[in-house]
Amino acid sequence: MNTLLGRRSRTLAATTATAAIALVLVAGCTSSDSGGSGSKTAAGGVELVKAGRLTTCTHLPYPPFQSEIDGKVQGFDVSLIDLVAKNLGVKQTILDTPFENFKTGAFLNADECDLAAAGMTITAERKKNVDFSDPYFDATQAVLVDKKSGITSLADVKTKGRKLGAQAQTTGEDYVKSKGFDPVSFESSDAVLNGLRTGQVQAVIIDYPVVQGWLKTKANADAFKVVDNLNTGEQYGFTVKKGNTKLLAAINRAIKDAKADGTYKKLYEKWIGPYDASATASPSAS
């Protein structure tokens, strides 16, 4: 059985300290059985950090994109990168790391990972440190509130003087800060929901697909509701070390092929929900 062996703590220290701590605490897990040859060169001349494996850095949990289910890391991102690994003739291995590393590219630059897949929004600032794939998902920000709070919109959070929560180092947090909010920061999506559940905050902002996943649970649907869905123009992309053109091309090819042959739609409906082709990210948007 493929199991997740441990969790890592978030730290907002300097990048080098972050990397050092994460390397000790990071836990490995595979999306499929181990295997592969002794060569670090995969199909298409793609160079890998570990022979026979496509090593993916992520940040857990972040359902429905990646989370531990039945002792194995699964989700929409995981399934898409499995397609890349299959094309390369290797297996995917997943490392759980702090989210701030994805903004700096620390683990990619240290050759700890081949790519990062973490439901990450493509931004000009992040492009300075990493190379992004074609966009594979359009994301909106949802405002989820306690039904007893009396909050009816994001603006209402401020008007009523209620506390707003967000996941640290995310575009959702950046968005509300740009609107004059001082959100309570949580280290993970699970911590965000727990903050709402325990009354630390009365509203949270986070990517809508994550909220969709939460509300599939009856207890959550009974207690919370979405009062705003904000189209911030965000698109998700996978990242590689700057200049890693061969792996980037392999990722883009897998995304394109999956959309063409119906695999993308199938995975989308499995992990996200009803599929709307007109709202799906296209390579031209990058």
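Residues numbered from 1 in each chain as written. Predicted model: local features only at pLDDT ≥ 70, side-chain atom pairs only at ≥ 80, totals over all residues. Heavy atoms only, no water.

Engineer: How do you make sense of the state of the cysteines when you look at a structure like this?
Structural biologist: Every disulfide links exactly two cysteines, by a covalent bond between their sulfur atoms. Tallied over the entire structure, the rule returns one disulfide. The residue that forms a disulfide with Cys57 is Cys113, at a sulfur-sulfur distance of 1.9 Å. With the S-S dihedral at roughly 60°, the linkage between Cys57 and Cys113 falls on the right-handed side. Of this pair, Cys57 sits in strand β2 (residues 53–58) while Cys113 sits in the loop between α4 (106–109) and β6 (115–116); the two residues are 56 residues apart in sequence, bridging distant segments of the chain. An identical accessibility class is assigned to Cys57 and Cys113; each is buried. (Disulfide = S-S within 2.5 Å. Helix = DSSP H or I, 4+ residues; strand = E, 2+ residues; numbered from the N terminus. Buried < 20%, exposed > 50% of the residue type's maximum accessible area, 1.4 Å probe, protein only.)

Engineer: What is the right way to look at the pairing of strand β9 (residues 164–167) in this model?
Structural biologist: If a strand is regular, its side chains alternate between the two faces of the sheet. Burial along β9 is two-sided: Leu164 and Ala166 and Gly165 and Gln167, pointing in opposite directions, are all buried. Here three bridges tie β9 to strand β11 (residues 203–207), and the two strands are oriented parallel to one another. The residue bridging Leu164 from the neighbouring strand is Ala203, located in β11. As judged from the three bridges shared by β9 and strand β10 (residues 184–186), these two strands associate in the parallel manner. Residue pairing for β10: Gln167 is matched across the bridge by Phe186. Assessed by its sense of winding, the connection that carries the chain from β9 through helix α7 (residues 171–178) to β10 is right-handed. (Pairing = 2+ DSSP bridges. Right-handed = clockwise from strand over helix to strand, strands pointing away.)

Engineer: I'm lost on the layout of surface pockets in this one. Help?
Structural biologist: Where empty space is left in the structure can be found by rolling a water-sized probe over the atoms. Empty space within the second largest pocket amounts to approximately 180 Å³. In this structure, the second largest pocket is lined by Gly45, Val46, Glu47, Leu48, Val49, Leu108, Asp111, Cys113, Asp114, Lys241, Asn244 and Lys246. Its residues assigned to classes, the lining of the second largest pocket shows five nonpolar, two polar and five charged. (1 Å grid on protein atoms, 1.4 Å probe; cavity = no way out; pocket = protein on both sides within 12 Å on 5 of 7 lines; lining within 4 Å. Points joined across faces, edges and corners; volume = space filled by probe spheres on them. Nonpolar A, V, L, I, M, F, W, Y, C, P; charged D, E, K, R; others polar.)

Engineer: How should I be thinking about the side chain of Ser189 in this particular structure?
Structural biologist: Along the chain, Ser189 falls in helix α8 (residues 189–197). Among the polar contacts made by the side chain of Ser189, one reaches the main-chain carbonyl oxygen of Pro61 at a distance of 2.8 Å. Those residues in contact with Ser189 that sit more than four places away from it in its chain are Pro61, Tyr62, Pro63, Gln167, Ile206, Val210 and Trp214. (Polar contact = N/O pair within 3.5 Å; in protein donor to acceptor, adjacent residues only side chain to side chain. Contact = heavy atoms within 4.5 Å.)

Engineer: Just to check I follow, could you spell out unusual backbone geometry for this structure?
Structural biologist: Across residues other than glycine, the phi torsion is negative in most instances, and most of the peptide bonds are trans. Here Leu60 and Pro61 are connected by a cis peptide whose omega angle stands at -10°. Checked against the element boundaries, Pro61 lands in the loop between β2 and β3 (67–69). For the bond running from Pro63 to Pro64, omega is 5°, close enough to zero to count as cis. Note on placement: Pro64 falls in the loop between β2 and β3.

Engineer: Looking at this structure, I do not really get the packing of helix α2 (residues 76–88) against helix α12 (residues 263–271). What am I missing?
Structural biologist: Each pair of packed helices can be summarised by the angle the axes make with each other and by the distance between the axes. At a closest axis distance of 9 Å, the pairing of α2 and α12 adopts a crossing angle of 155°. Classified by the angle their axes make, α2 and α12 are roughly antiparallel. Note that α2 runs across α12; the crossing there is right-handed. Here Phe76, Ser79, Leu80 and Leu83 of α2 come into contact with α12, specifically with Thr263, Tyr264, Leu267, Tyr268 and Trp271. For the contact of α2 with α12, the per-class residue count stands at seven nonpolar, two polar and no charged. (Axes fitted to C-alpha atoms, helices over the stretch in contact; angles between N-to-C directions. Parallel < 35°, antiparallel > 145°, perpendicular 65-115°, else oblique. Left-handed = near helix turned anticlockwise from the far one by under 90°.)

Engineer: Help me understand the nonpolar core in this model?
Structural biologist: Soluble globular proteins tend to pack their nonpolar side chains together in the buried interior. Core analysis: the biggest nonpolar cluster contains 46 residues, and Leu54, Phe76, Leu88, Phe137, Trp214 and Phe238 have the highest contact counts within it. Elements represented by at least two residues in this core include exactly α2, β8 (137–146), α8, β11, α9 (208–214), β12 (224–236), α11 (245–261) and α12. At seven residues, α11 tops the list of elements feeding residues into this core. Not counting residues up to four positions away in its chain, the partners in contact with Leu54 are Leu48, Ile81, Val84, Ala85, Leu88, Val90, Lys91, Gln92, Thr93, Asp114, Leu115 and Leu247. Within the second largest apolar cluster, 14 residues are counted, among which are Cys57, Leu95, Phe102 and Phe107. (Core = buried A, V, L, I, M, F, W, Y, C linked by side-chain atoms within 4.5 Å.)

Engineer: Would you take a moment to explain the packing of aromatic side chains for this structure?
Structural biologist: Centre distance and the angle of the planes are the two values used to describe a pair of aromatic rings. Following the criterion strictly, the structure yields 14 aromatic pairs and no others. An aromatic cluster is present here, built from Tyr62, Phe65, Phe76, Tyr136, Phe137, Tyr236, Phe238, Tyr264 and Tyr268 joined pairwise through their rings. In this structure, Lys158 is placed above the aromatic ring of Phe181, and the distance from its NZ or CZ to the ring centre is 4.5 Å. The ring centre of Tyr264 lies 5.2 Å from the NZ or CZ of Lys259, which sits over that ring. (Phe/Tyr/Trp six-rings, centres within 6.5 Å; stacked < 30°, edge-to-face > 60°. Lys NZ or Arg CZ within 6 Å of the ring centre and 35° of its normal.)

Engineer: How should I be thinking about α11 in this particular structure?
Structural biologist: Every α-helix carries 3.6 residues per turn, so stepping three or four residues along brings you back to the same face. With 17 residues, α11 extends 24 Å between its outermost C-alpha atoms, agreeing within 8% with the 24 Å of an ideal straight helix rising 1.5 Å per residue. Listing the buried residues of α11 in full gives Leu247, Leu248, Ala250, Ile251, Asn252, Ala254, Ile255 and Ala258. Of the surrounding elements, those touching the buried residues of α11 are β2, α2, β6, β7 (130–132), β13 (239–241) and α12. Where α11 terminates, the next one or two residues include Gly262, which has phi positive at roughly 90°. (Expected span 1.5 Å × (residues − 1).)

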